[in-house]
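# Architecture and fold: a report
So the chains spell out like this:
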Amino acid sequence: MTHGVPRTPREASGRDSVPARGLSRLPSLTGLRFPAALLVFISHVGQPVPQTRLFEDDKLAMDLNKATEKAGSLGVAFFFVLSGFVLTWSARPNDTARAFWRRRFAKIYPNYVITWGLAMLLFASAYTPTRVALANLFMVQVWIPDFTYLLSVDPANWSLGCELIFYASFPLLHRLFLRIDPARLKYWIGAVVAAIILTPLFTYNVLPDSQSVQLNTSAAADASVEQFWFAYFFPPVRLLDFALGMLVAHAVLNGRWRNIGLLWSSVLLAGSYWLAQESDMLYAQRATSIIPIILLIAAAAMADAKGEFTLFRNRTMVWLGEISFAFYLLHFIVLAYGRKLLGHDLYSTPVASALAAALFAVSVLTSWALYALVERPITRHWSRPRREKSCRRRF
């Protein structure tokens, strides 16, 4: 294949080959979506803030927060990389940018608007200014370095503001990455990984550090609001995660990926979480875990492509993965409204644990309803191929 000419993935030439594009679904990656969403749920359960706290024992509450406070950022980083990987794997050769954007809009925005409305109705309208609520509704809150905006209404939904930029960029990035000589993909991947790992170093040394972040966590506030926003929330910076997923997908599809397997990838990911616990705030958000994340995603995809057994491709895990987007958007609403209904009381460890489990169950059930009644039918309708004008630009 000539370097610089758009191509489709060719026959795998590396040691770890996979079937050509379109011959393999990725049920294990679908199944992995739910553990990632569960990490975000756990991080919110562990926050010792009035809006979600259940545990009466102060020491237990602080210990729980310390153990879980990095889980949410790990889950979000996993989602960002996974999004780029899966969209590249499933890209349609004759697709158009307009059709792609239409499908993404139908997949994301109806759920987003419904959960935004639920949060406003149930609790957020009592303390959210109109300008902040509207910024959140139109997914622009993530561009403003102010936690009043960033974590407004339904705090988890800030990441959708980043996904909006990812989807807008995908057609152009896809065309660019198709032009890369497969033998050079490793250099591109290495460069993006380096950029992600070095982002905290750049942020600490270049951006102002006058006002410390106060997130009511056990970690020391070792970054300013501007630094935290730039390294963790700023869409162009998080676009690196998405682009990395795309590049890794191209490497796998072209037989240019050295697979270490699901077991060792999982071990490294667990180790990266321990490392995050010992690292400064900005390094802990994603720099410590980005390499294990791509190793795990690639290993799961290659296992699926070869028809190998994994723990994540059974019917239950795939179903949980299918409802994971709804779960991601709904879980904080369930936690916050459940806490509101319970009043101001805090509970013993057994009772609080039982309440957390009940709120988890409610989150799963309501997510299933949102998926079955809204997300799935709308996505199916808008995913049907439509005749495109021959002169329309393709990617």
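Residues numbered from 1 in each chain as written. Predicted model: local features only at pLDDT ≥ 70, side-chain atom pairs only at ≥ 80, totals over all residues. Heavy atoms only, no water.

Looking now at unusual backbone geometry. A positive phi is found at M139, a non-glycine position, where the angle reads about 60°. Structurally, M139 is set in the loop between α5 (130–137) and α6 (147–150). Among the residues examined, M139 registers a relative accessible area of 5% and is labelled buried. One non-glycine residue, V153, lies in positive phi territory at about 60°. Looking at the secondary structure, you find V153 in the loop between α6 and α7 (158–178). Residue classification places V153 among the buried positions, given a relative accessible area of 3%. (Helix = DSSP H or I, 4+ residues; strand = E, 2+ residues; numbered from the N terminus. Buried < 20%, exposed > 50% of the residue type's maximum accessible area, 1.4 Å probe, protein only.)

Core analysis: the biggest nonpolar cluster contains 120 residues, and L29, F85, F233, L244, V248 and W257 have the highest contact counts within it. A total of 13 residues in this core trace back to one element, the largest contributor, which is helix α13 (residues 290–305). Those residues in contact with F233 that sit more than four places away from it in its chain are V142, F147, L150, L151, W158, C162, F228 and R238. (Core = buried A, V, L, I, M, F, W, Y, C linked by side-chain atoms within 4.5 Å. Contact = heavy atoms within 4.5 Å.)

Here we come to the packing of aromatic side chains. This structure, assessed with the given rule, holds 29 aromatic pairs. A ring pair is formed by F41 and F327, whose centres lie 5.8 Å apart and whose planes are at 40°; its orientation type is tilted. One end of the pair, F41, is in helix α1 (residues 27–45); the other, F327, is in helix α15 (residues 324–342), and 286 residues separate them in sequence. Of the residues examined, F327 reaches a relative accessible area of 0% and is grouped as buried. With centroids separated by 5.0 Å and ring planes inclined at 90°, the aromatic side chains of F80 and F166 adopt a geometry described as edge-to-face. Of this pair, F80 sits in helix α3 (residues 71–89) while F166 sits in helix α7; the two residues are 86 residues apart in sequence, bridging distant segments of the chain. On the accessibility criterion, F80 (1% relative accessible area) is buried. The structure contains a cluster of three or more aromatic residues connected by ring pairs, namely F80, F100, F147, W158, F166, Y167, F170, F228, Y232, F233 and F242. It is R104 that lies over the ring of Y167; its NZ or CZ is 5.2 Å from the centre. (Phe/Tyr/Trp six-rings, centres within 6.5 Å; stacked < 30°, edge-to-face > 60°. Lys NZ or Arg CZ within 6 Å of the ring centre and 35° of its normal.)

Of the residues in the protein, 88% reach a pLDDT of 70 or more, and the chain-wide mean stands at 90. In this model residues 1–15 is a low-confidence stretch, pLDDT under 50, and it forms 32 contacts with partners more than four residues away in sequence or in other chains. Scored below 50 in pLDDT, residues 388–393 makes ten contacts in the model with residues more than four places away or belonging to other chains. (pLDDT = per-residue confidence, 0-100.)

Further remarks concern the packing of α1 against α3. Packing of α1 against α3 brings their axes to within 7 Å, and their N-to-C directions diverge by 155°. Here α1 lies roughly antiparallel to α3, going by the angle between them. Handedness of the crossing formed by α1 with α3: left-handed. Where α1 abuts α3, its residues L29, L32, R33, A36, A37, L39, V40 and S43 lie against A71, G72, L74, G75, V76, F78, F79, L82, F85 and V86. (Axes fitted to C-alpha atoms, helices over the stretch in contact; angles between N-to-C directions. Parallel < 35°, antiparallel > 145°, perpendicular 65-115°, else oblique. Left-handed = near helix turned anticlockwise from the far one by under 90°.)

Looking at where S324 falls in the secondary structure, it is placed in helix α15. We classify S324 as buried; its relative accessible area is 0%. Not counting chain neighbours up to four residues away, the residues in contact with S324 comprise R33, F34 and A37.

As a packed pair, α3 and α7 sit with axes 11 Å apart at the nearest point and diverge in direction by 25°. In this view, α3 runs roughly parallel relative to α7, as classed from their interaxial angle. For the pair α3 and α7, the sense of crossing is right-handed. In this structure, α3 contributes V76, F79, F80, S83, L87 and T88 to the contact, and α7 contributes W158, S159, C162, E163, F166, Y167 and F170.

Bringing the environment of F105 into the picture now. Residue placement: F105 occurs in helix α4 (residues 97–122). Distance in space between the C-alpha atoms of F105 and T379 is 9.1 Å, their sequence separation being 274 residues.

This next bit is on helix α16 (residues 349–382). With 34 residues, α16 extends 47 Å from end C-alpha to end C-alpha; this agrees with the ideal 50 Å at 1.5 Å per step. Of all the bends in α16, the greatest, near 45°, is centred on Y371. Within the span of α16, buried status applies to A352, A356, L359, S363, V364, S367, L370, Y371, V374, E375 and T379. (Expected span 1.5 Å × (residues − 1). Bend = angle between axes of the 7 residues up to and from the residue.)

End to end, helix α8 (residues 185–206) covers 30 Å across 22 residues, agreeing with the expected 32 Å (1.5 Å per residue, within 8%). Its maximal kink placed at L198, α8 deviates by approximately 40°, while the proline P200 follows within four residues. The complete set of buried residues in α8 reads L185, I189, V192, V193, I196, T199, P200 and T203. Tucked inside the fold, the buried residues of α8 contact α9 (225–233), α10 (235–253), α12 (281–287) and α13.

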